[in-house]
Amino acid sequence: MTRRAGIIGYPVGHSLSPVFQQAAFAHSGLDVVYERWETPLPDLPARVAALRAPDVLGANVTVPHKEHVIPLLDEVGGLAARAGAVNTIVNRDGRLFGFNTDGPGFVAALRQEAFFEPGGRAFLLLGAGGAARGIALALLEARAAAVDIWNRTPERAAALARDLGAPARALADLPPLAGYDCLVNCTTVGMKGGPDPEGLPCPLDSAGPGLLVVDIVYAPRVTPLLRAAAARGLRTLGGLPMLIYQGALAFELWTGLPAPVDVMVRAAENELARREGAAR
Ligand code: ATR
């Protein structure tokens, strides 16, 4: 029996998940078709109910449905419940289990791709949306020493820090970067097609030489922030590894097999390069 998986969101036309998940299934010799399940909100209950069919492994969930799917599931894992967001659904014999692999994918990318252990380290997160929430939670779980949050709209940072509890805290003003081990851009500044594609989410003048600069934006692959960091000789990590590792963790939840991460990275990079070439 050919089995199915897919991504639920609206829109999903530009999602890279079908590209690298399909590559992973093919590489692993699994007869699975990964589909784009574009789902307007009114259709969400029926879409999620359809995941209970015996040929469905599960789904990824993306914007704007990560919160909306929760009441439609049978069980939601601890981290997903605390994040208030599910990005992976697993169908086990008709029961639907919700997980969140976004934050753990970020931590895995830090460890595997930047050789950076978050435990005991000081982080500054820029942004206070859903992406920042998932990452902050995973960093607290990984025992980061400090998770400071700064956001353009300070009330959102304060609300997020309150939710998370110590050692997370909100900063009203951008602090000097010298005291941090890692800076993470969780805003959409620098994103192609976003509100400020050429912008920097913060200046880097105060950075110490050991700062790791991470951007969760993956299109373009080298954002203005990453370019500025590299020009200062700082270590950088782009957003693609986080995307791949959240997908790799989802693949492992669906299949019980280790994800072929390298195959997934290559498939995603090829597709991004194709798109960047096509846009020129
Ligand atoms: P997500 O769930 O993907 O994190 P979001 O909830 O829309 O998306 O959050 C986007 C983040 O980018 C927010 O922190 C937002 O700041 P505000 O809370 O002040 O809106 C931030 N952001 C978006 N555009 C920005 C800009 N031009 N300058 C600074 N921050 C920006």
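Above: the structure in question.
Residues numbered from 1 in each chain as written. Predicted model: local features only at pLDDT ≥ 70, side-chain atom pairs only at ≥ 80, totals over all residues. Heavy atoms only, no water.

**Some words on the environment of V90**
For clarity, the threshold we go by: Put simply, DSSP H or I for four residues or longer makes a helix, DSSP E for two residues or longer makes a strand, and each gets a number counted from the N terminus. Only protein chains enter the accessibility calculation, which uses a 1.4 Å probe; a residue is then buried when its area is under 20% of its type maximum, exposed when over 50%, and partly exposed in between. Any pair of residues with heavy atoms lying within 4.5 Å of one another is described as a contacting pair.
With respect to the helices and strands, V90 occurs in strand β5 (residues 88–92). What makes V90 buried here is its relative accessible area of 2%. Taking the C-alpha atoms as reference, V90 lies 8.8 Å from V56; in sequence the two are 34 residues apart. Those residues within four positions of V90 in sequence are excluded, and the remaining contacts are L57, G58, R95, L96, F97, F99, L253 and W254.

**Description of helix α1 (residues 17–27)**
All of the buried residues in α1 are S17, P18, F20, Q21, A23, A24 and F25. In the segment just after α1, G29 is the residue with positive phi, at about 70°.

**Notes on the packing of aromatic side chains**
Keep this limit in mind: Any two rings among Phe, Tyr and Trp, with Trp reduced to its six-membered ring, count as a pair given centres within 6.5 Å; such a pair is stacked if its planes are under 30 degrees apart, edge-to-face if over 60, and tilted if neither. Charges are assigned to positions over rings by a cutoff of 6 Å between ring centre and Lys NZ or Arg CZ, combined with an angular limit of 35 degrees from the ring normal.
Tallied over the entire structure, the rule returns 4 aromatic pairs. Note on F25 and W254: the rings are 6.3 Å apart at their centroids and 25° apart in plane angle, and the pair reads as stacked. With a gap of 229 residues between them, F25 in helix α1 and W254 in helix α8 (residues 240–255) connect regions that are remote in the sequence. The burial state of F25 is the same as that of W254; both residues are buried. Its guanidinium or amino end placed over the ring of F97, R92 lies 5.2 Å from that ring's centre, counting from NZ or CZ. Over the face of the ring belonging to F116 we find R121, whose NZ or CZ atom lies 4.4 Å from the ring centre.

**Overview of the packing of helix α4 (residues 102–113) against helix α5 (residues 130–141)**
What counts is decided by this rule: In this analysis an axis means a line fitted to C-alpha atoms, helices contributing only their contacting stretch, and an angle means the value between N-to-C directions, from 0 to 180 degrees. Two helices that cross are described as forming a left-handed crossing if the nearer one is turned anticlockwise from the farther one by less than a right angle, and a right-handed crossing if clockwise. Throughout this entry, Asp, Glu, Lys and Arg are counted as charged residues, while Ala, Val, Leu, Ile, Met, Phe, Trp, Tyr, Cys and Pro are counted as nonpolar. The remaining residues, Gly among them, count as polar.
Two numbers describe how α4 lies on α5: the axes approach to 7 Å, and their chain directions differ by 60°. Like other packed secondary-structure pairs, α4 and α5 cross with a definite hand, here right-handed. Contacts from G103, P104, F106, V107 and L110 of α4 reach α5 at G134, I135, A138 and L139. Classifying every residue of the contact of α4 with α5 gives 7 nonpolar, 2 polar and no charged.

**Details of the environment of A108**
On the secondary structure map, A108 appears in helix α4. Residue classification places A108 among the buried residues on the basis of a relative accessible area of 17%. Measuring from C-alpha to C-alpha, the distance between A108 and Y245 comes to 6.5 Å, with 137 residues separating the pair along the chain. Not counting chain neighbours up to four residues away, the residues in contact with A108 comprise E113 and Y245.

**Some words on the site of the ligand**
What counts is decided by this rule: Here a residue counts as near a molecule or strand whenever at least one of its heavy atoms sits within 4 Å of it. Polar contact is defined as a pair of N or O atoms within 3.5 Å, subject to the rule that within protein one atom must be able to donate a hydrogen and the other to accept it, and that residues adjacent in sequence are counted only when both atoms are side-chain atoms. Using a 1.4 Å probe, accessible areas were evaluated by the Shrake-Rupley method; residue-level cover was limited to the displayed protein chains.
Near the ligand you find 13 residues, and of these G130, N151, R152, T153 and R156 are the closest. For the ligand, an oxygen atom lies 2.9 Å from a polar atom in the backbone of G130. A distance of 3.4 Å separates an oxygen atom of the ligand from a polar atom in the backbone of T188. Summarising the interface, the protein chains cover 70% of the accessible area of the ligand, which totals 640 Å² for the free molecule.

**As for the nonpolar core**
Put simply, the test is: Only buried Ala, Val, Leu, Ile, Met, Phe, Trp, Tyr and Cys residues count toward a nonpolar core, and they belong to the same one when joined by side-chain atoms within 4.5 Å.
Counting 64 residues, the largest nonpolar core has F106, L125, L139 and V184 as the members making the most contacts within it. If one sorts the elements of this core by residue count, α8 sits on top with 9 residues. Apart from residues no more than four positions distant in its own chain, F106 is found in contact with I135, L139, V184, V214, I216 and M242.

**What about the sheet that holds strand β2 (residues 32–38)?**
Definition in use: The rule for pairing is simple: two strands pair if DSSP sees at least two bridges between them.
Strand order across the open sheet formed by 6 strands is β2-β1-β3-β5-β6-β4, with mixed pairing between neighbours. Lying at the two open borders of the sheet, with one neighbouring strand each, are β2 and β4 (75–76). Relative to strand β6 (residues 95–99), β5 runs antiparallel, the two being bridged by 5 bridges. Bridge assignment links T88 to a residue of β6, and that residue is F99. On top of the sheet, α1 reaches β1 (3–9), β2 and β3 (56–61); it is set at about 165° to β2, its chief contact. Across the sheet, α8 lies against β2, β3, β5 and β6, angled at about 10° from β5, the strand it touches most.

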